[in-house]
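Here is what each chain is made of, one letter per residue.
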Amino acid sequence: MNSRKWNGKVVVPFSTCAGWAGSTLDDIAGLAEGARIAEPLTVTFASDGGARMVTDPRKVSDWAGRVAALV
């Protein structure tokens, strides 16, 4: 990823996790040097291994609307 030219590009990083996102969004931003990083989002699921989303679905929906407005 870091071999590409990111100047003038917009990167919208997102991740999913089961309790702890770590540095994923920062890592993505670091690899896309020169890009404008917009609307990063981590969606968290229950850490018991189930499919229950902890992040409020309205937050994801609002995020999707903001991302759509970027294009």
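Located above this text is the structure these notes cover.
Predicted, not measured: the structure shown is a model, and the values here were computed from it. Residue indices follow the written sequence of each chain, beginning from 1 at its first position. The predicted origin of the model limits local features to residues at a pLDDT of at least 70 and limits the giving and counting of side-chain atom pairs to 80 or more, whereas totals for whole chains, interfaces and linings rest on all residues. Only hydrogens and water are set aside; all other atoms, that is, all heavy atoms of the structure, feed into the side-chain values.

Colleague: How would you sum up the environment of Cys17? Please name residues and give values.
Modeller: Numbering of helices and strands runs from the N terminus, with a helix taken as a DSSP run of H or I at least four residues long and a strand as a DSSP run of E at least two residues long. With respect to the helices and strands, the residue Cys17 is situated in strand 2 (residues 14-17). Counting along the chain gives 28 residues from Cys17 to Phe45, while the straight-line C-alpha distance between them is 6.0 Å. Whether two residues touch is decided by their heavy atoms; if any such pair falls within 4.5 Å, the residues are in contact. Excluding residues within four positions of it along the chain, Cys17 makes contact with Thr42, Val43, Thr44 and Phe45.

Colleague: Explain unusual backbone geometry to me, and be specific about the residues and the numbers.
Modeller: For Glu39, which is not glycine, the phi dihedral falls at a positive 55°. One can find Glu39 in the loop between strand 3 (36-37) and strand 4 (41-44). In this structure Glu39 comes out as partly exposed when scored by relative accessible area, which is 27%. Exposed residues in this analysis have more than 50% of their type's maximum accessible area, buried residues have under 20%, and partly exposed residues fall in between, with area computed by a 1.4 Å probe over protein chains only.

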